[in-house]
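# Structure at a glance
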Amino acid sequence: MRPIRVRIGVLGLALVAGLAAPTAATAAPEAASAAPAPTVEERRLDGEVPREILRRSGFAAVAPAFARGLGRADSYRQARAVVAREGVALWRRAVDRVQGRGPARGDLSRDDDRPLYWARLGMTRELRAWEPGFGLSERQRAALLTELERTSRGQTDLRLPRGGHGKGVKRVLLTGFDPFTLDRDVRISNPSGAVALALDGTVIDTPDGPARVETAVFPVRWADFAEGTVERALRPYLPRVDLFTTVSQGRVGRFDVERTNGAWRGGFPDNDNVSRTETVPVADPASQPQWTTTTLPYAAITAADTGRFPVYDNTSVTEIPAGGDEPVVRPDGPTPGSTAREGGGGNYLSNEIAYRATLLRDRLGLHGTLPGGHVHTPVLQFGAGNTDPAAGAVTDPEFVRNRLDIVAQTRAVVGVAVSAAGTDRD
């Protein structure tokens, strides 16, 4: 997920949680607060396209059923149990639908990531508007929303097999993103989210042995990233996996393995139409580097025949050189002492998740032992006759074929990466 420069001619799409968990359960009692208004993201649910996607996928009843469950809760503790249960159920239902388990419940193709996105927003809107008789403080509501975000995004459902590095089944952690740029075209699907749903819990057979993939998706919101959603979700698992990759949608007609990630937010609006232009905010900013690098086996990935789209080792960045004051594009990566303005993946949230994940890898002391980085998929395009957002269909055969091809090729890329990384360690 990155805004692509004008010379490329398109806007790249972003690519796996929630706000920092408040300590509502142990904090001093607070007065009940009025229910907050729906967010910008949630208000898009009132359009016909989201309603059609929910209806044609069988997910239209998710939010109303969740609201009924909340209505039966007589305490904050009961409400938290409802939220956790229904969040996990939504994630598992979306994974099962994409992976062909159970009835499809609608004519929308099973590979579609959008039902999960819109159903989750329906649930968060219901939770935001809920006013229980027992009273709910602002802090408690925030904690419930956090729990719903984490559980419905697969972040609490990462079930890694036992074993150590290089022993038995390899363990892969992969993240995707929600759809975004929805004011431009509300029909948008994000192939990285579809990849996450299609690969979650699956096993890829590689020459280096089987690899179990566990996945999660992340919101396209600056605030969530600033509040540590990426680090909170990934920190328990990075020391236990054999490889990780963050995934997002990038450029038209190509995959990219992003060599370098930059510590800069470029200001492109997120799904709540909020902009941020600043250094990526992280813990311990005094030790924060301007750049982080991939440790994925990019040479092996780009050399392999993984599918119909070419795969590139993208080394370009935009920097302010040491002693300079104007941004400069560097095709071969950053120069010493420079200040980041764009990583290979731009300066939107796909660059930021790559930066945060690889910085976390490095701060955990895993740079030399854990392969990890970012992969951009091709832009997911509708068919040639279905390009008008106002009048176009929410799906078409070429759109489905493109998404399936991107998912299959991402799976192949992961398989190559696991095998090559295993060979490198040997």
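What counts as what
Residues numbered from 1 in each chain as written. Predicted model: local features only at pLDDT ≥ 70, side-chain atom pairs only at ≥ 80, totals over all residues. Heavy atoms only, no water. Core = buried A, V, L, I, M, F, W, Y, C linked by side-chain atoms within 4.5 Å. Buried < 20%, exposed > 50% of the residue type's maximum accessible area, 1.4 Å probe, protein only. Helix = DSSP H or I, 4+ residues; strand = E, 2+ residues; numbered from the N terminus. Pairing = 2+ DSSP bridges. Axes fitted to C-alpha atoms, helices over the stretch in contact; angles between N-to-C directions. Contact = heavy atoms within 4.5 Å. pLDDT = per-residue confidence, 0-100. Parallel < 35°, antiparallel > 145°, perpendicular 65-115°, else oblique. Left-handed = near helix turned anticlockwise from the far one by under 90°. Nonpolar A, V, L, I, M, F, W, Y, C, P; charged D, E, K, R; others polar. Phe/Tyr/Trp six-rings, centres within 6.5 Å; stacked < 30°, edge-to-face > 60°. Lys NZ or Arg CZ within 6 Å of the ring centre and 35° of its normal.

## Concerning the nonpolar core
Phe66, Trp118, Leu127, Trp130, Leu144 and Leu174 are the most contacted members of the largest nonpolar core, which has 66 residues in total. Of all the elements, helix H4 (residues 76-98) adds the most residues to this core, at nine residues. Leu173, Trp222, Phe225 and Phe244 belong to the second-largest nonpolar core, a separate cluster that totals 23 residues.

## Observations regarding the sheet that holds strand S11 (residues 317-320)
An order of S12-S11-S13 is seen for the three strands of this open sheet, with the pairing classed as antiparallel. Pairing within the sheet leaves two strands with one partner each, and these edge strands are strand S12 (328-330) and strand S13 (339-342). Strand-to-strand twist in this sheet, taken as the mean axis angle between neighbours without regard to direction, amounts to 40°. As defined by bridge partners, S11 adjoins S13 across three bridges and the pair is classed as antiparallel.

## A closer look at the side chain of Asp185
As for its placement among the helices and strands, Asp185 is situated in the loop between strand S1 (170-177) and helix H7 (191-199). Ignoring anything within four residues of it in the chain, the contact list for Asp185 reads Phe382 and Pro389.

## Some details on the pairing of strand S2 (residues 203-206)
Every second residue of S2 is oriented toward a common face, the buried set being Ile204 and Thr206 and the non-buried set Val203 and Asp205. Pairing analysis gives four bridges linking S2 to strand S3 (residues 209-218), with the strands arranged antiparallel. Bridge assignment links Asp205 to a residue of S3, and that residue is Pro210.

## Re the confidence of the model for the chain
Per-residue confidence for the chain gives a mean pLDDT of 92; residues scoring 70 or more make up 90%. Below pLDDT 50 for its whole length, residues 4-29 participates in 99 contacts with residues either more than four positions away or in separate chains.

## So, unusual backbone geometry
With phi around 50°, Thr181 is a residue other than glycine that occupies positive phi space. Mapped onto the elements, Thr181 comes out in the loop between S1 and H7. Residue Thr181 is classed as buried on the basis of its relative accessible area of 11%. The phi dihedral of Asp284 is positive, around 50°, even though this residue is not glycine. If you trace the backbone, Asp284 turns up in the loop between strand S8 (277-279) and strand S9 (291-293).

## Re the sheet that holds S1
The strand order across the open sheet built from seven strands is S2-S3-S1-S4-S14-S5-S10, with neighbouring strands paired in mixed fashion. A single partner strand is all that each edge strand has here, and the edge strands are S2 and strand S10 (311-314). Within this sheet the neighbouring strands show an average axis-to-axis angle of 25°, counted without direction.

## Section: the packing of helix H2 (residues 48-57) against helix H5 (residues 114-129)
Close contact between H2 and H5 brings their axes to 9 Å; oriented N to C, the two are set at 115°. Taken together, the axes of H2 and H5 lie roughly perpendicular to each other. Pair H2 / H5 crosses with left-handed handedness. When H2 is examined against H5, the residues Pro50, Ile53, Leu54 and Ser57 are found in contact with a partner set consisting of Arg114, Pro115, Trp118 and Ala119. Grouping the constituent residues of the contact of H2 with H5 by class yields six nonpolar, one polar and one charged.

## Notes on the packing of aromatic side chains
Tallying each qualifying case throughout the model produces nine aromatic pairs. Ring centres 4.8 Å apart and planes at 70° place the aromatic pair Tyr117 and Trp118 in the edge-to-face group. Overall, Tyr117 belongs to the buried group, its relative accessible area being 2%. Exposure remark for Trp118: the relative accessible area of 0% places this residue in the buried category. Among the aromatic residues, those joined into a ring-pair cluster are Phe180, Trp222, Phe268 and Tyr348. Against the face of Phe382 rests Arg187, its NZ or CZ located 4.0 Å from the ring centre. Over the ring of Tyr312 we find Arg254, and its NZ or CZ is 4.1 Å from the ring centre.

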